[in-house]
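Commentary on secondary and tertiary structure
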Amino acid sequence: MGGYKGTELEKDCDKATKIIQAFIEHGKISQQVIQNARGIAVFTGFRAGMYFAGSGGSGVVLARLADGTWSPPSAFSVRSGGVGLVYGVDFYDCVCVLNTPEAVEAYTNPELELGGSVSLAAGPIGGNVGGAKDVKPVWTYTRSKGIYGGLTVDGTVIKEKASENAEFYGPGFSTAQILHGEVKLQEGEKWLAVRRLLDTLQ
């Protein structure tokens, strides 16, 4: 008999933890950027072109609550925008640092197009955060694993995965309720991946 295999949300949390740790360890995202964030979205996606077809991925979004802690994660799917020419298949990781309440609220919509309602900008590297005037609603950090250069996430569509959230939290919780802290953390093996992600951010 097999052991506990976990839900899709748990798997996405584990991926998000590894992605954030990698960006920090390689000096791409500073701890100050994370500390000042109002929210954060992390996802893995892929783009395909020429003789291949399709694009997609998945990830999670979290919001900082009024007491300074982080909300539980809400799951979403990714449909990549068709920017540029892709040869073969390109896999990439993306961290979106949400710097304003409006940017966080945009993720509570059932569907969101990055670069549409909320403007994107490449995030500052390492400790070079700059002054308040330099802070954009969303800073993006990307790491491509394929052969596609000049990666941009403008046009990427983020869609709430209500079924995945329901599988983990139970039915009836929207992304807005999750990000507003209406879902309380619990103990148990099921919550280990969530807690690892929260510990990394905290």
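Residues numbered from 1 in each chain as written. Predicted model: local features only at pLDDT ≥ 70, side-chain atom pairs only at ≥ 80, totals over all residues. Heavy atoms only, no water.

Per an unreviewed UniProt entry, the protein carries the name Ysc84 actin-binding domain-containing protein and comes from Stachybotrys elegans.

Considerations on the overall build of the protein
When helices and strands are tallied, the protein shows 6 helices and 8 strands. Mapped in sequence order, the helices and strands of the protein form the string α-α-β-β-β-β-α-β-β-β-β-α-α-α. Looking at the protein as a whole, 46% of its 202 residues qualify as buried. Put simply, 72% of the contacts in the protein that link residues at least 6 apart link residues at least 24 apart. Surface accessibility of the protein: about 9,900 Å² in total, with carbon and sulfur atoms responsible for 53%. (Helix = DSSP H or I, 4+ residues; strand = E, 2+ residues; numbered from the N terminus. Buried < 20%, exposed > 50% of the residue type's maximum accessible area, 1.4 Å probe, protein only. Contact = heavy atoms within 4.5 Å. Areas by Shrake-Rupley, 256 points an atom, 1.4 Å probe, with all protein chains shown as cover.)

What to know about the environment of E105
Its location among the elements puts E105 in helix α3 (residues 101-106). In this structure, the C-alpha to C-alpha distance between E105 and H180, residues 75 residues apart in sequence, is 9.6 Å.

Regarding the packing of aromatic side chains
All told, the structure shown has 6 aromatic pairs when counted by the stated rule. Between F76 and Y107 the ring centres are 6.2 Å apart and the planes differ by 55°, which places this aromatic pair in the tilted class. Separated by 31 residues along the polypeptide, F76 in strand β3 (residues 74-79) and Y107 in the loop between α3 and β5 (111-113) bring together distant segments of the chain. Comparing F76 with Y107, the two get one shared label, buried. In textbook terms, an aromatic cluster arises when at least three aromatic residues are bridged by ring pairs, as seen for F43, F76, Y92 and Y107. Sitting over the face of the ring of F23, R143 holds its NZ or CZ atom 5.8 Å from the ring centroid. Across the ring face of F168, the terminal group of K190 is positioned such that the distance to the ring centre comes to 4.8 Å. (Phe/Tyr/Trp six-rings, centres within 6.5 Å; stacked < 30°, edge-to-face > 60°. Lys NZ or Arg CZ within 6 Å of the ring centre and 35° of its normal.)

Side note on the layout of surface pockets
Over the atoms a probe the size of a water molecule is rolled, and this reveals where empty space is left. The computed volume of the largest pocket comes to approximately 170 Å³. Surrounding the largest pocket, 14 residues form its lining, A122, G123, T140, Y141 and T142 being those nearest its centre. Only β6 (120-122) and β7 (138-144) provide two or more residues apiece to the lining of the largest pocket. Class assignment for the residues of the lining of the largest pocket results in 8 nonpolar, 4 polar and 2 charged. (1 Å grid on protein atoms, 1.4 Å probe; cavity = no way out; pocket = protein on both sides within 12 Å on 5 of 7 lines; lining within 4 Å. Points joined across faces, edges and corners; volume = space filled by probe spheres on them. Nonpolar A, V, L, I, M, F, W, Y, C, P; charged D, E, K, R; others polar.)

Remarks on empty space enclosed by the protein
With the rule as written, the count across this model stands at 1 cavity of 30 Å³ or more. Every residue lining the largest cavity is listed: V61, S74, A75, F76, Y107, N109, I158, K159, E160 and T175. For the lining of the largest cavity, the elements supplying multiple residues, two or more each, are β3 and β8 (157-160). Residues of the lining of the largest cavity, tallied by class, amount to 5 nonpolar, 3 polar and 2 charged.

Considerations on helix α1 (residues 8-25)
Counted at 1.5 Å a residue, the expected span for α1 with its 18 residues is 26 Å, and the 26 Å between its end C-alpha atoms agrees. For α1, the set of buried residues is L9, E10, D12, C13, A16, T17, I19, I20, A22 and F23. A positive phi of about 75° marks G27, the residue just after α1. (Expected span 1.5 Å × (residues − 1).)

Re the packing of α1 against helix α4 (residues 162-169)
Two numbers describe how α1 lies on α4: the axes approach to 8 Å, and their chain directions differ by 100°. If you check the angle between α1 and α4, you find them roughly perpendicular. For the pair formed by α1 and α4, the contact residues are E8, L9, E10 and D12 on the first element and E164, N165, E167, F168 and Y169 on the second. Taken together, the residues of the contact of α1 with α4 break down into 3 nonpolar, 1 polar and 5 charged. (Axes fitted to C-alpha atoms, helices over the stretch in contact; angles between N-to-C directions. Parallel < 35°, antiparallel > 145°, perpendicular 65-115°, else oblique.)

Points about the pattern of salt bridges
Overall, the coordinates contain 6 salt bridges when judged by the stated rule. For K161, the salt bridge is made with E164, and the minimal N-O distance between the two is 2.8 Å. Here R195 makes a salt bridge to E187, at a shortest N to O gap of 3.3 Å. Taking the relative accessible area as the measure of exposure, E187 reaches 65% and is therefore exposed. (Salt bridge = Lys/Arg side-chain N within 4 Å of Asp/Glu carboxyl O.)

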